[in-house]
Amino acid sequence: KSNGVWLDVGFGNGSLLLTAQEYGFEPIGVDLRKDGVLALKSLGIEAYCDYVENIEFEKSISVVSMMDVLEHIPYTKEVLISLHSKMEKNGYLLVSMPNSGSLFWKTLTTNKINPYYNSIEHCHNFSRTRLFSLLDECGFKAVKYGISERYRFCMEVIAKKIS
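As a convention, each chain's residues are numbered from 1 in the sequence order in which they are written. Whole-chain, interface and lining totals are the exception, using all residues; otherwise, since this is a predicted model, local features are given only for residues with pLDDT of at least 70 and side-chain atom pairs are given and counted only at 80 or more. No hydrogens and no water enter the side-chain calculation; it runs on all heavy atoms of the structure.

K.L.:
Whenever I open this one, the overall build of the protein chain confuses me. Can you help?
P.N.:
Per the secondary structure count, the protein chain includes five helices and seven strands. Put simply, DSSP marks the helices as runs of H or I at least four residues long and the strands as runs of E at least two long, and each gets a number from the N terminus on. Moving toward the C terminus, one meets the helices and strands of the protein chain in the order β-α-β-α-β-β-α-β-α-α-β-β. Radius of gyration here uses only the C-alpha atoms, and the compact-globule reference equals 2.2 Å multiplied by the residue count raised to the power 0.38. Relative to its length of 163 residues, the protein chain is compact, with a C-alpha radius of gyration of 16 Å against a globular reference of 15 Å. Summarising its shape, the C-alpha atoms of the protein chain cover approximately 50 × 35 × 25 Å along the three principal directions. Here the protein chain holds 163 residues, and 44% of them are scored as buried. The contact rule is simple, with two residues in contact once any of their heavy atoms fall within 4.5 Å. The contacts of the protein chain with a sequence gap of at least 6 include a subset with a gap of at least 24, amounting to 59%. Here the open area of atoms and residues is found with the Shrake-Rupley method and a 1.4 Å probe, where only the protein chains shown may cover a residue. Carbon and sulfur atoms make up 52% of the accessible area of the protein chain, which amounts to about 9000 Å² in all. Each residue gets one of three labels from its accessible area relative to the maximum for its type: buried under 20%, exposed over 50%, partly exposed in between, using a 1.4 Å probe on protein chains only.

K.L.:
What should I look at first to understand unusual backbone geometry in this one?
P.N.:
Excluding glycine, residues mostly carry a negative phi; peptide bonds, for their part, are mostly trans. Of note, Asp-68 is a non-glycine position whose phi angle comes to about 60 degrees, a positive value. Positionally, Asp-68 belongs in the loop between β4 (61-67) and α3 (76-86). Backbone geometry places Lys-112, a non-glycine residue, at a positive phi of 60 degrees.

K.L.:
Any chance you could explain the layout of surface pockets here in plain terms?
P.N.:
Empty space among the atoms becomes visible once a probe the size of a water molecule is rolled across them. Counted as a void, the largest pocket has a volume near 420 Å³. We place a 1 Å grid over just the protein atoms. Points where a 1.4 Å probe fits but has no way out form a cavity, open points with protein on both sides within 12 Å along at least 5 of 7 lines form a pocket, and any residue with an atom within 4 Å of a point lines it. What lines the largest pocket is a set of 17 residues, among which Gly-10, Leu-32, Val-69, His-72 and Ile-73 lie closest to the centre. Grid points are joined across faces, edges and corners, and a volume is the space filled by probe spheres set on the points. Of the pockets and cavities examined, the second largest pocket occupies roughly 210 Å³. Together, Asp-8, Gly-10, Phe-11, Gly-12, Asn-13, Ser-15, Leu-16, Met-67, Asp-68, Arg-150, Tyr-151 and Glu-156 line the second largest pocket. In this classification, Asp, Glu, Lys and Arg are treated as charged, Ala, Val, Leu, Ile, Met, Phe, Trp, Tyr, Cys and Pro as nonpolar, and every other residue, Gly included, as polar. Per-class residue counts for the lining of the second largest pocket are four nonpolar, four polar and four charged.

K.L.:
Just to check I follow, could you spell out α3 for this structure?
P.N.:
Side chains three or four residues apart in an α-helix point the same way, a direct result of the helix having 3.6 residues per turn. What α3 keeps buried is the set Thr-76, Val-79, Leu-80, Ser-82, Leu-83, His-84 and Lys-86. Looking at the buried positions of α3, the neighbouring elements they touch are β1 (4-9), β4, β5 (87-98), α5 (128-137), β6 (140-147) and β7 (154-161).

K.L.:
Whenever I open this one, the sheet that holds strand β3 (residues 46-48) confuses me. Can you help?
P.N.:
As a general point, the strands of a sheet are linked pairwise by backbone hydrogen bonds and lie either parallel or antiparallel. Think of it this way: DSSP has to see at least two bridges between two strands before they count as a pair. One open sheet accounts for seven strands, arranged β3-β2-β1-β4-β5-β7-β6; its pairing is mixed. Looking at strand neighbours, the two that pair on one side only are β3 and β6, the edges of this open sheet. Adjacent strand axes in the sheet meet at a mean angle of 20 degrees when their direction is disregarded. As paired elements, β6 and β7 share seven bridges and run antiparallel to each other. Here the axes come from fitting lines to C-alpha atoms, over the contacting stretch only for helices, and the angles between their N-to-C directions go from 0 to 180 degrees.

Printed below as a string of structure tokens:
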């Protein structure tokens, strides 16, 4: 996509949304941290402090990004189906998260030093295979897979809305 509405779920410091805006997208942020939402609103960017499935947007979403967010959501399928319904035809979904199927993950687990097993914030650990299956179940088709340059043994996936 080269324009349209970009929704960032769990936007953190907002840098991805600000970059999307620089490239011509209309940015919208959703986060559960009130301070971040207020900061984004102070910059004139539409932002919500709520669960994304509770929000009715006025426009169809072109791109949804969920950078290191999906694994924190208890009911991922319901959230992805809700996002699917809010997206325009041929919209794109960008997700990143740790890859529980990676050799590095398995090595850390074998050595009993995997930090993600001690993270109470993670509701799920996804492998590439499981993530692709979940995306398919929710009407998305993975079109690009990459290894994250930001975090150890994390994956980044771009998926297209297909139905």
